[in-house]
Amino acid sequence: MSLPDKAFPVSWDQFHRDARALAWRLADGGREWRAIVCITRGGLVPAAIVSRELNIRVIETVCVASYHDYVSQGEMHVLKGISEELSKEGGEGILIVDDLTDTGKTAAEVRAMLPKAHFAAVYAKPKGRPLVDTFVTEVSQDTWIYFPWDMGFTYQEPIAKGTRG
Ligand SMILES: O=P(O)(O)OC[C@H]1O[C@H](OP(=O)(O)OP(=O)(O)O)[C@H](O)[C@@H]1O
Ligand SMILES: [Mg+2]
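- The protein chain is annotated in an unreviewed UniProt entry as Xanthine-guanine phosphoribosyltransferase of Shinella granuli.
- In its Subcellular location (unreviewed entry) section, the UniProt record describing the protein chain reads: "Cell membrane".

**Some details on the pattern of salt bridges**
Phase 1: Enumeration over the complete set of coordinates arrives at eight salt bridges.
Phase 2: Here Lys80 and Glu60 are joined by a salt bridge, their closest N and O atoms 3.1 Å apart. Taken as a pair, Lys80 in strand 4 (residues 72–80) and Glu60 in strand 3 (residues 59–69) lie far apart in primary sequence, 20 residues in all.
Phase 3: By relative accessible area, which is 13% here, Glu60 ends up buried.
Phase 4: Several salt bridges share partner residues, and in doing so they unite Arg20, Arg52 and Glu53 into one network.

**Details of the packing of aromatic side chains**
Phase 1: Inspection of every chain in the model, using the stated rule, returns seven aromatic pairs.
Phase 2: Ring centres of Phe15 and Phe147 lie 5.9 Å apart, and the angle between their planes is 85°; this geometry places the pair in the edge-to-face category. Separated by 132 residues along the polypeptide, Phe15 in helix 1 (residues 12–28) and Phe147 in the loop between strand 8 (143–146) and helix 5 (159–163) bring together distant segments of the chain.
Phase 3: For Phe15, a relative accessible area of 0% puts it in the buried group.

**Some remarks on the nonpolar core**
Phase 1: Phe15, Ile36, Leu95 and Tyr123 are the most contacted members of the largest nonpolar core, which has 23 residues in total.
Phase 2: Among the elements that take part in this core, helix 1 stands out by supplying five residues, more than any other.
Phase 3: In contact with Tyr123, other than residues within four places in its own chain, are Phe8, Val10, Gln14, Phe15, Asp18, Asp99, Leu100, Thr101, Thr137, Ile145 and Phe147.

**Quick look at the UniProt feature "binding site: GMP" (unreviewed entry) in the protein chain**
Phase 1: When the UniProt feature table is mapped onto this chain numbering, "binding site: GMP" (unreviewed entry) sits at Asp102, Thr103, Gly104, Lys105, Thr106, Trp144 and Ile145.
Phase 2: For Asp102, the position within the fold is in the loop between strand 5 (94–101) and helix 4 (105–113).
Phase 3: Of the residues examined, Asp102 reaches a relative accessible area of 15% and is grouped as buried.
Phase 4: The residues touching Asp102, leaving out its near neighbours within four places in the chain, are Tyr67, Lys125, Lys127, Gly128, Gln141 and Trp144.
Phase 5: In this structure, Gly104 sits in the loop between strand 5 and helix 4.
Phase 6: For Gly104, a relative accessible area of 5% corresponds to the buried category.
Phase 7: Gly104 has contacts with Gly128 and Leu131, leaving out every residue within four places of it along the chain.

**Brief notes about the pairing of strand 5**
Looking along a regular strand, one sees the side chains alternate between the two faces of the sheet.
Phase 1: Of all eight residues in strand 5, eight are buried; the element is thus mostly enclosed.
Phase 2: Two elements, strand 2 (residues 35–40) and strand 5, share four bridges in a ladder whose sense is parallel. Note on strand 5: the bridge partner recorded for Ile36 is Leu95.
Phase 3: Here strand 5 pairs with strand 6 (residues 118–124) via six bridges, running parallel. Paired with Val97 across the strands is Ala120, a residue of strand 6.
Phase 4: Once you follow strand 5 into helix 4 and on to strand 6, the crossover reads as right-handed.

Reading guide: rules and limits
- Residues numbered from 1 in each chain as written.
- Chains lettered and ligands numbered in written order.
- Predicted model: local features only at pLDDT ≥ 70, side-chain atom pairs only at ≥ 80, totals over all residues.
- Heavy atoms only, no water.
- UniProt positions renumbered as here; feature names shortened; annotations may be inferred.
- Salt bridge = Lys/Arg side-chain N within 4 Å of Asp/Glu carboxyl O.
- Helix = DSSP H or I, 4+ residues; strand = E, 2+ residues; numbered from the N terminus.
- Buried < 20%, exposed > 50% of the residue type's maximum accessible area, 1.4 Å probe, protein only.
- Phe/Tyr/Trp six-rings, centres within 6.5 Å; stacked < 30°, edge-to-face > 60°.
- Core = buried A, V, L, I, M, F, W, Y, C linked by side-chain atoms within 4.5 Å.
- Contact = heavy atoms within 4.5 Å.
- Pairing = 2+ DSSP bridges.
- Right-handed = clockwise from strand over helix to strand, strands pointing away.

Next comes the structure, spelled out in structure tokens:
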């Protein structure tokens, strides 16, 4: 599979703001969460921010891998599941956190483990959106989101160089 046409680069500042906006939305409902289950690895970063804002002290991971070579999604591997203590009662009172949902396959896999949990992601693409209870920004399906932890500073050609023959 090739890279989607459009790029949505996200800086650390922007990600922090968007993750905080997610926390505000979650706080609006006035619900109390007994724990966060974050989907590694991308969910670790928003989970740190949301847990700080909502004062949630119990953080569990569920370790899922499916994108094996950057943009191509393959078979889903659950490398580490969720503790029995947190899975009880179908995950009632649990907040699942991820950085984004794209096709929705990762979200569907984790939702099946915790059917009563609330699923939150910072960004959502249209295919994954129905699987998310709370998100901040929708990004089109033909857009790749570039997260700050995947990026580095590189030289950029001047705009004029690319536009003049
Ligand atoms: O909706 P989907 O099409 O399933 O894709 C969304 C998932 O893909 C990315 O994780 P990835 O599997 O690349 O692992 P990572 O979080 O370790 O980077 C992202 O962090 C989501 O968890
Ligand atoms: Mg992920």
